[in-house]
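Chains, contacts and geometry: an overview
Given next are the chains, with one letter for each unit.
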Amino acid sequence: MREGPHPGRNAPYPAQDVSLEAVWALKTSAVTRPGRPAPKCPQTSTREPIIQEHEPFEPEATRRAADVTESTRANRGWWDRNADDYQVEHGTFLGDDRFVWCPEGLDEVEAELLGPPEELKGKDVLEIGAGAAQCSRWLAAQGARPVALDLSHRQLQHALRIGGGVPLVEADAGALPFADGSFDLACSAYGALPFVADPVLVLREVHRVLRPHGRFVFSVTHPVRWAFPDEPGPEGLSVTASYFDRTPYVEQDDEGRAVYVEHHRTVGDRVRDVVAGGFRLVDLVEPEWPAWNTQVWGGWSPLRGKLIPGTAIFVCERG
């Protein structure tokens, strides 16, 4: 399957409250890791590309069960290994300080799903599955106070490389290391939700750290895509699987250990997850493929985009 174009994973670490003041104090040069030692991989804050060499291997693709722990371990490792290639391949499209919701190219400048840009000034915003923190930089440029959170240390190294002074936190989306009511808004562009085995856990955590009437907007692969092959050409236009099969997509090594996992939820499942997480669903956006976008991104392409939806964006509000 491998439909998810943006990073963000979930890991079973215990939540530890970190004040926003402490995070902002470290924002210029470090990644905050609540309750965890620093990983043994090189630090950088330059704008030079950082490339790691890894042993090549061809994983086996299958559909099978994968719980929270296995999904977390697999996806953390996958994004740490592939962060360099991801940023090289998609960095130009994402930009250094754009807020792009999806491969269709829907930009927050025009969508205003978090609200009018002029109303973002002074707002505390949590970006979940931030990758290299491109969206957070755009938010900062509007006068917001963003915090960029991701489970992948390597992706956050790219955020340090690009710079911009956005606070970076390496932590689990299912155990957010912040006190209740820390943020006015939260957002996630293909971060965490496509990859977690328990999306309600993440939604409840986001609900907890938002202030009353706070908004959470997240984008995921449109659920209907799971009925089609993950191919950008004509072969990706014929139904080959049941839309109702929730069995996760897993890539595994020769010993059967998962190295990448995605979890399928139907549209109805997503809506019920939102409600179970304590939110009210305000809008469900299905971006159409624009004429200007000629790129192919994995299974996304102009051919498919003109015929079937590729992304679903859920706009939710906390009571």
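Above this text sits the structure in question.
Report on the accompanying structure. It should be emphasised that the depicted structure is a prediction, and the values quoted were computed from it without experimental measurement.

What counts, and at which threshold
- Residues numbered from 1 in each chain as written.
- Predicted model: local features only at pLDDT ≥ 70, side-chain atom pairs only at ≥ 80, totals over all residues.
- Heavy atoms only, no water.
- Helix = DSSP H or I, 4+ residues; strand = E, 2+ residues; numbered from the N terminus.
- Buried < 20%, exposed > 50% of the residue type's maximum accessible area, 1.4 Å probe, protein only.
- Contact = heavy atoms within 4.5 Å.
- Areas by Shrake-Rupley, 256 points an atom, 1.4 Å probe, with all protein chains shown as cover.
- Pairing = 2+ DSSP bridges.
- Axes fitted to C-alpha atoms, helices over the stretch in contact; angles between N-to-C directions.
- Arc of directions from axis to C-beta.
- Phe/Tyr/Trp six-rings, centres within 6.5 Å; stacked < 30°, edge-to-face > 60°.
- Lys NZ or Arg CZ within 6 Å of the ring centre and 35° of its normal.
- Core = buried A, V, L, I, M, F, W, Y, C linked by side-chain atoms within 4.5 Å.
- Parallel < 35°, antiparallel > 145°, perpendicular 65-115°, else oblique.
- Left-handed = near helix turned anticlockwise from the far one by under 90°.
- Nonpolar A, V, L, I, M, F, W, Y, C, P; charged D, E, K, R; others polar.

1. Looking at the overall build of the protein
- When its secondary structure is counted, the protein shows 8 helices and 11 strands.
- Counting all 319 residues of the protein, 57% fall into the buried class.
- Intrachain contacts of the protein at a sequence separation of at least 6 include 76% that bridge at least 24 residues.
- For the protein, the accessible area works out to roughly 13,000 Å², and carbon and sulfur atoms hold 52% of it.

2. Some points on the sheet that holds strand E10 (residues 279–285)
- Spatial ordering of the open sheet is given by E1-E5-E4-E3-E6-E7-E11-E10, a layout of 8 strands whose pairing is mixed. Each having just a single partner strand, strand E1 (31–32) and E10 make up the two edges of the open sheet.
- Against the sheet, helix H5 (residues 153–162) makes contact with E1, strand E4 (145–150) and strand E5 (168–170), and its axis sits at roughly 170 degrees relative to E5, the strand it touches most.
- Seen against the sheet, helix H6 (residues 199–209) touches strand E3 (124–128), strand E6 (183–189), strand E7 (210–221), E10 and strand E11 (311–318) and runs at an angle of roughly 145 degrees to E7.

3. Let's talk about helix H7 (residues 267–276)
- Every buried residue of H7 is accounted for by Asp-269, Arg-270, Asp-273 and Val-274. All buried residues of H7 project into a common sector of 135 degrees when viewed along the axis, lining one side. Turned more than 90 degrees off the buried face of H7, the exposed positions are Arg-272 and Val-275.
- Phi for Gly-278, located one or two positions after H7, is positive at around 100 degrees.

4. Observations concerning the packing of aromatic side chains
- For the coordinates displayed, the defined rule picks out 16 aromatic pairs.
- Note on Trp-79 and Phe-195: the rings are 6.3 Å apart at their centroids and 85 degrees apart in plane angle, and the pair reads as edge-to-face. Remark: Phe-195 occurs in the loop between E6 and H6 and Trp-79 occurs in helix H2 (residues 68–94); sequence separation between them is 116 residues.
- Taken together, Trp-78, Trp-79, Tyr-86, Phe-93, Phe-195, Tyr-249, Tyr-260 and Trp-297 form an aromatic cluster joined through their ring pairs.
- One Lys or Arg, Arg-98, reaches over the ring of Phe-93 and ends 5.7 Å from the middle of that ring.

5. Looking at the pairing of strand E8 (residues 249–252)
- Residues Tyr-249 and Glu-251 line one face of E8 and the alternating positions Val-250 and Gln-252 line the opposite face, and both faces are buried.
- Bridge count between strand E2 (residues 60–63) and E8: 4 bridges; the pairing is antiparallel. Its bridge partner lying in E8, Thr-62 is registered against Val-250.
- Counting the residues between successive antiparallel strands, the hairpin from E8 to strand E9 (residues 258–262) contains 5 residues, one of them, Gly-256, with a positive phi of roughly 85 degrees.

6. Details of the nonpolar core
- In this structure, Phe-99, Trp-101, Leu-114 and Leu-139 are the most contacted members of the largest nonpolar core, which totals 33 residues.
- Every element with two or more residues in this core is listed here: H2, helix H4 (134–141), E6 and E11.
- In terms of residue count, the dominant contributor to this core is H2 (5 residues).
- If we skip the residues at most four places from it in the chain, Phe-99 touches Leu-106, Asp-107, Glu-108, Leu-114, Cys-135, Trp-138, Leu-139 and Cys-187.
- Ranked by size, the runner-up nonpolar core spans 27 residues in total, among them Ala-171, Leu-176, Leu-193 and Leu-210.

7. A few points about H6
- With 8 of its 11 residues buried, H6 lies for the most part within the structure.
- Of the positions making up H6, those classed as buried are Pro-199, Val-200, Val-202, Leu-203, Glu-205, Val-206, His-207 and Val-209.
- Elements in contact with the buried residues of H6: E3, E6, E7, H7, E10 and E11.

8. Topic: the packing of H6 against H7
- H7 packs onto H6 with a crossing angle of 40 degrees between their chain directions and a minimal axis gap of 8 Å. Taken together, the axes of H6 and H7 lie oblique to each other. Considering how the two elements wind past one another, H6 and H7 form a crossing that is right-handed. Contacts between H6 and H7 involve Pro-199, Val-200, Leu-203 and Arg-204 on the former and, on the latter, Arg-270, Asp-273, Val-274 and Ala-276.
- For the contact of H6 with H7, the residue count by class is 5 nonpolar, no polar and 3 charged.

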